[in-house]
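So you can see what is in the structure, the chains are spelled out below.
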Amino acid sequence: TGPYGPHTSSSSSPPSSSIPAFCPVQPSRHILERQSRMLSFRVEYRQRSTEVVLEDASTVGDIKSILETELQVPVSKMQLKGWKSGDVSDSTILRSLHLPKNNSLYVLTPDIAPSASTSQRLSNQNYLLVISHREAQRDYSLNFPASKTIQEVRQPHTCLSPSTSMTLASSGISYPCHHLTVCRRSSPALTVDQTDECTDVHMVSDSEGDDFEDAPEFGVDESEVFGMGSASCQKSPMMPENSENEGDALLHFTAEFSRRYGDCHPVFYIGSLEAASQEAFYGKARDRKLLAIYLHNDESVLGNVFCSQMMCADSIVSYLSQNFITWAWDVTKEANKARLLTMCTRHFGSVVAQTIRTYKTDQFPLLLIVMGKRTSNEVLNVIQGNTTVDELMRRLMGAMEIFTAQQQEDIKDEDEREAREMVKREQDEAYRLSLEADRKKREAQEREEAEQVHQERIRKEQEEEREAIRLSLEQALPPEPKEEGGEPVSKLRIRTPSGEFLERRFLGSCKLQVLFDFIASKGYPSDEFKLLTTFPRRNITQIDPAWSLVEAKLFPQETLFLEAKE
């Protein structure tokens, strides 16, 4: 069909790949005044999945009309189940049901027998036979694989119509549930409708044309009448007794559950109850889930029904997988039950353990819905085995509503706490960076001060060294000659870089080195300063120090100046 037409996918195709059916509906004027919502429905029918999308102003009958076209099932023979408010009429407006955006429904057609291809497909499924015992006024629910023959279902000594070699899948009885009635008959040869007093048992199918006759004595034990006591129905335990490791026990439980009821079942958490609680309750608020604890008891007559019809229903499996951590335990054996009570007392308190003790065997299986809270874990709901898919889904959704409200508060608190922690981390980081900057600044200042001290010490050492050299040079200088002496005297006037003048008399025969030593003794060593003549400009420090003043033409007098070397 087109992109807005109905689409059906087989069980092998993921539901997410199906294209939803869209049915525009013309609402009345008073409905137009309100804003319409689009609702999505995933509808299961005999291993097929159909998605329907339409406005909340539509009716239940509108959904059925779409399904009639898609499934080729008359509306008159269609039962649309899965409403959380119970059964509704075709004229019910969807808006009045206050439905969420996404919904799961299923179709039952008890008046339509499955086709040959359907029988082949059902051969791997399980049938629920609900047998009403008229005289005892009791109902028994038995679960059988579709491959079982009618002969294997009933006791093996009597005749049965239809053929006893026919399997349940090909017999045409209603799937997944079929009702039968047990009553007295006058003799084995009488027809189905003859119900006079006799010693035999007559088994009548609620569907036309299906007769089940059983011939054991009426006085035998009821479990034998329904094949529950025969050796062929003996089951291996769901969980070994006194298993040392909880993970190994859960692996055995999962394998046995799959063997009995098929692979379509909730994903059971493999591990201890404590580990399952940690997984469900103690992550981030957005990742937390409810904990569903399934307690199985093989001695309960409700066990097969609850497992095959409730725990293996597609809608229940999907809902549990998305919203719950599912953990399971078998309490058939007293040792395993005692171990469970010990675990529950440790993790949830004695009240929960005492509550489990109060339930009788026939009230099992139990499904405990547990929510993690800040201070303790709370059991929101205890669902007993005598329930329906609709009631189970309603109670699961009710628990989810409570959990979602609490989760939103936890998310808000967690976000606020993380925001506060983020601000604190930012402040701490800013403070750390400030301390780091102050430390680096202090260290740089300390290094600078240390360097200054070091340079000052070097400077003082150098000054002391220069002063020692100056004193030694000053002491080594020959005495200044007198002007009236007999030897020729040269009078030199030297201007310093500061503008001061140094004046001294030297013998004309005195070496230039003596002049250089004199200048150095005044603080102007020749390795730092140049001694120059004014005109013509000559660098005296470049002349051989062994020359005399006369040879250097610094006689009888000369004005010189000092200039720092570059």
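Scroll up to find the structure this text is about.
Notes on the structure follow. (Residues numbered from 1 in each chain as written. Predicted model: local features only at pLDDT ≥ 70, side-chain atom pairs only at ≥ 80, totals over all residues. Heavy atoms only, no water.)

Okay, the overall build of the chain next. Helices and strands together make up the secondary structure of the chain, namely 14 helices and 19 strands. For the chain, buried positions account for 43% of its 566 residues. Put simply, of all contacts in the chain between residues at least 6 apart along the chain, 61% involve residues at least 24 apart. Of the accessible surface of the chain, which amounts to about 30700 Å², a share of 49% is contributed by carbon and sulfur atoms. (Helix = DSSP H or I, 4+ residues; strand = E, 2+ residues; numbered from the N terminus. Buried < 20%, exposed > 50% of the residue type's maximum accessible area, 1.4 Å probe, protein only. Contact = heavy atoms within 4.5 Å. Areas by Shrake-Rupley, 256 points an atom, 1.4 Å probe, with all protein chains shown as cover.)

Another aspect to go through is the environment of Leu515. In this structure, Leu515 sits in helix α14 (residues 512–521). Since its relative accessible area comes to 0%, Leu515 is described here as buried. A C-alpha to C-alpha distance of 9.9 Å links Leu515 and Leu531, two positions 16 residues apart in sequence. Excluding residues that lie within four positions of it along the chain, Leu515 makes contacts with Leu492, Ile494, Phe506, Leu531, Leu549, Leu554 and Leu560.

What follows is about the nonpolar core. Nonpolar side chains tend to gather and get buried jointly when the protein is soluble and globular. In terms of nonpolar packing, the biggest core is built from 58 residues, with Phe257, Leu291, Trp327, Trp329 and Leu396 touching the most fellow members. The element contributing the most residues to this core is helix α13 (residues 389–476), with seven residues. When sequence neighbours within four positions are dropped, the list of residues in contact with Trp329 reads Met239, Glu246, Ala249, Leu250, Phe253, Tyr294, Leu295, His296, Asn336, Arg339, Leu340 and Met343. Core analysis: the next-biggest nonpolar cluster, separate from the first, contains 22 residues, Cys510, Leu512, Leu560 and Leu562 among them. (Core = buried A, V, L, I, M, F, W, Y, C linked by side-chain atoms within 4.5 Å.)

A few words now on unusual backbone geometry. Glycine aside, negative phi is the norm for most residues, and most peptide bonds take the trans geometry. Cis geometry marks the peptide bond from Phe364 to Pro365, where omega comes out at 0°. Its location among the elements puts Pro365 in the loop between α12 (350–358) and β14 (366–372). Following Phe535, the chain continues into Pro536 via a peptide bond in cis, with omega recorded as -5°. Among the structural elements, Pro536 can be located in the loop between β18 (529–533) and β19 (557–564). Phi angles above zero are rare outside glycine, and Gln72 is one such case at about 60°.

The next thing to look at is helix α11 (residues 334–348). In an α-helix, one turn spans 3.6 residues, which is why side chains three or four residues apart end up on the same side. The terminal C-alpha atoms of α11, which comprises 15 residues, lie 20 Å apart, in line with the 21 Å expected from a rise of 1.5 Å per residue. Within α11 the residues assigned to the buried category are Asn336, Lys337, Leu340, Leu341, Met343, Cys344, His347 and Phe348. Looking straight down α11, one finds that the buried residues subtend no more than 165° of arc, so they occupy a single side. Exposed positions of α11 whose direction lies more than 90 degrees from the buried face are Glu334 and Arg346. Of the residues one or two after α11, Gly349 is the one with positive phi, at around 100°. (Expected span 1.5 Å × (residues − 1). Arc of directions from axis to C-beta.)

Within the open sheet, the four strands sit side by side as β17-β16-β19-β18. Their pairing is mixed. Only two strands of the sheet have a single neighbouring strand rather than two, namely β17 (501–507) and β18. When strand polarity is set aside, the average angle formed by the axes of neighbouring strands in this sheet is 30°. In the sheet, β18 pairs with β19 via five bridges, with the strands oriented antiparallel. Each bridged residue has a counterpart across the sheet, and for Leu531 the counterpart in β19 is Leu562. Across the sheet, α14 is in contact with β16 (489–495), β17, β18 and β19; its angle to β17 comes to roughly 150°. (Pairing = 2+ DSSP bridges. Axes fitted to C-alpha atoms, helices over the stretch in contact; angles between N-to-C directions.)

As a further point, take helix α7 (residues 246–261). Taking 1.5 Å of rise per residue, the 16 residues of α7 would be expected to cover 22 Å, and the 22 Å separating its terminal C-alpha atoms lies within 8% of that figure. When we look at burial in α7, the residues that qualify are Glu246, Gly247, Ala249, Leu250, Phe253, Thr254, Glu256, Phe257, Ser258, Arg260 and Tyr261. Sitting at the head of α7, Asn245 places a side-chain oxygen 2.7 Å from the backbone nitrogen of Gly247. One or two steps after α7, the chain reaches Gly262, where phi turns positive at roughly 100°. (Polar contact = N/O pair within 3.5 Å; in protein donor to acceptor, adjacent residues only side chain to side chain.)

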